[in-house]
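# An overview of the molecular structure
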Amino acid sequence: MNDNFIIPLNGLAVGKNEFFIRAGKDFFESFENDEILDADLQIRILVEKSGRYVGVDCDVEGTITVECDRCLDPLEMPVDEQVRLSVKFGEEENAETGQDSEREVVFVKEDDAELDMSQIVYDYACLALPMQRMHEEGGCNPDVMKYYGGVEEDVDAGVAESPFAALKDLF
C-alpha cells in the first residue's frame, strides 16, 4: 500500500476534490515489477462526492522506461491513460450488478474509510504499454542488431561458404 495513493472517502468534502500524485521507479518496485526500468508519471485524481455517490476520474500521463524487445536498450514509452471509476459501498456479491456504461465499478467495504488507488494506477499504467516494445525502425542499437539479423550480409559471401555452393552450377 502506498500512502500517497490513499483517498479518504469519509473526510471528503461534498463536491469535487482534486489530488496530484507523482509515481516513479520506486512505485513500480513496490509491486515487485522488474520489467520497468524507470518511470515518471503524473497522476491527477478528481473525486466527485455527492451523498453516497463517489465518482473518480484519474488521468495518468508521463513516460515509462522498459527494455527494447530487440536490442535490450532502454526504451521510453509514453503513457496517457484515463481511468473512470464509480465507487460503491458493500460487498461485490451482494451488490446490484447494474454497471455504469462509462465507468468501471469499484467496491469498497462499508466500514472502509479510504480508497487505495495504487493498484488501480499500477494496473492501468502497465496495460498502457504495448505488447511489443521496440524502438522505431533504425532506432535499435546497431552493435546488437548485427547479431539479431537486422543488418544484411553480402549474399555472394554466404553462397561461397555454403556446403551446397558446388550444386549452384547444376541448374
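In case you missed it, the structure is sitting above this.
All of the points below concern the structure found in this document. Everything quoted here is computed from the prediction, not taken from an experiment.

### Side note on the pattern of salt bridges
A side chain of one charge can pair with a side chain of the opposite charge if their charged atoms are brought near each other. In this structure the tally under the stated criterion is eight salt bridges. A salt bridge links arginine 44 to glutamate 18, with the nearest nitrogen and oxygen atoms 2.6 Å apart. Of this pair, arginine 44 sits in strand S3 (residues 36–50) while glutamate 18 sits in strand S2 (residues 15–24), and the two are 26 residues apart along the sequence. A relative accessible area of 28% places arginine 44 in the partly exposed class. Assessed through its relative accessible area of 43%, glutamate 18 is described here as partly exposed. Taking the shortest distance from any N to any O, the salt bridge between aspartate 57 and arginine 103 comes out at 2.8 Å.

### So, the sheet that holds S2
By definition, the strands of a sheet pair up through backbone hydrogen bonds, in either a parallel or an antiparallel sense. The mixed open sheet is built from five strands, whose spatial order is S2-S3-S4-S5-S6. Edge positions in the open sheet fall to S2 and strand S6 (104–108), since each of these has one partner strand only. With strand direction ignored, the average angle separating the axes of adjacent strands in the sheet is 25°. Here S3 runs beside strand S4 (residues 53–67); their pairing, made up of 14 bridges, is antiparallel. Bridge pairing in S4 places arginine 44 opposite aspartate 59. With respect to the sheet, helix H2 (residues 118–127) is in contact with S3, S4, strand S5 (74–89) and S6, its orientation differing from that of S5 by roughly 135°.

Rules used in this analysis
Residues numbered from 1 in each chain as written. Predicted model: local features only at pLDDT ≥ 70, side-chain atom pairs only at ≥ 80, totals over all residues. Heavy atoms only, no water. Salt bridge = Lys/Arg side-chain N within 4 Å of Asp/Glu carboxyl O. Helix = DSSP H or I, 4+ residues; strand = E, 2+ residues; numbered from the N terminus. Buried < 20%, exposed > 50% of the residue type's maximum accessible area, 1.4 Å probe, protein only. Pairing = 2+ DSSP bridges. Axes fitted to C-alpha atoms, helices over the stretch in contact; angles between N-to-C directions. Contact = heavy atoms within 4.5 Å.

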